[in-house]
Amino acid sequence: YKGVYVASCAMGANYAQCVKALQEAEAHEGPSVVICYAPCIEHRTKTGLSNMGNDMKAAVECGYWPLYRYDPNRVKLGEPPFQLDYK
């Protein structure tokens, strides 16, 4: 769908990218989808929630969870709409 803003984020891996994605999604006139990687306590019972930020960072760094933003408004500015923030 050409007019949909789509982003993938993981707050523990890159807080600034997550905030930017949410701000762009909110400002977009039209539908927006932001997919956030958020592990729960059941994923790591030995250390609990204290290491979830490290888990998010590891998922991004190994390529399991890419960080990206697709903003269709960038086409009007002559810029590519897809931005891969981290693979």
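All of the points below concern the structure found in this document. Nothing here was measured: the structure is a model prediction, and the numbers come from that model.

Here we come to the sheet that holds strand 3 (residues 67–70). Taken in spatial order, the four strands line up as 2-1-3-4 in an open sheet, and their pairing is mixed. Among the strands making up the open sheet, the edge pair consists of strand 2 (32–36) and strand 4 (82–86). Neighbour to neighbour, the strand axes of the sheet diverge by 15° on average, direction disregarded. As paired strands, strand 1 (residues 5–9) and strand 3 are joined by three bridges and run antiparallel to one another. Each bridged residue has a counterpart across the sheet, and for A7 the counterpart in strand 3 is R69. Packing against the sheet, helix 1 (residues 15–27) makes contact with strand 1, strand 2, strand 3 and strand 4, and its axis sits at approximately 160° to strand 1.

The next thing to look at is the nonpolar core. With seven residues, the main nonpolar core is built from A10, M52, M56, A59, V60, W65 and L67. Looking at this core element by element, the count peaks at four residues for helix 2 (residues 52–61). Contacts of L67, omitting those with residues within four sequence positions, involve S8, C9, A10, N14, Q17, V60, Q83, L84, D85 and Y86.

Scoring rules and cut-offs
Residues numbered from 1 in each chain as written. Predicted model: local features only at pLDDT ≥ 70, side-chain atom pairs only at ≥ 80, totals over all residues. Heavy atoms only, no water. Pairing = 2+ DSSP bridges. Helix = DSSP H or I, 4+ residues; strand = E, 2+ residues; numbered from the N terminus. Axes fitted to C-alpha atoms, helices over the stretch in contact; angles between N-to-C directions. Contact = heavy atoms within 4.5 Å. Core = buried A, V, L, I, M, F, W, Y, C linked by side-chain atoms within 4.5 Å. Buried < 20%, exposed > 50% of the residue type's maximum accessible area, 1.4 Å probe, protein only.

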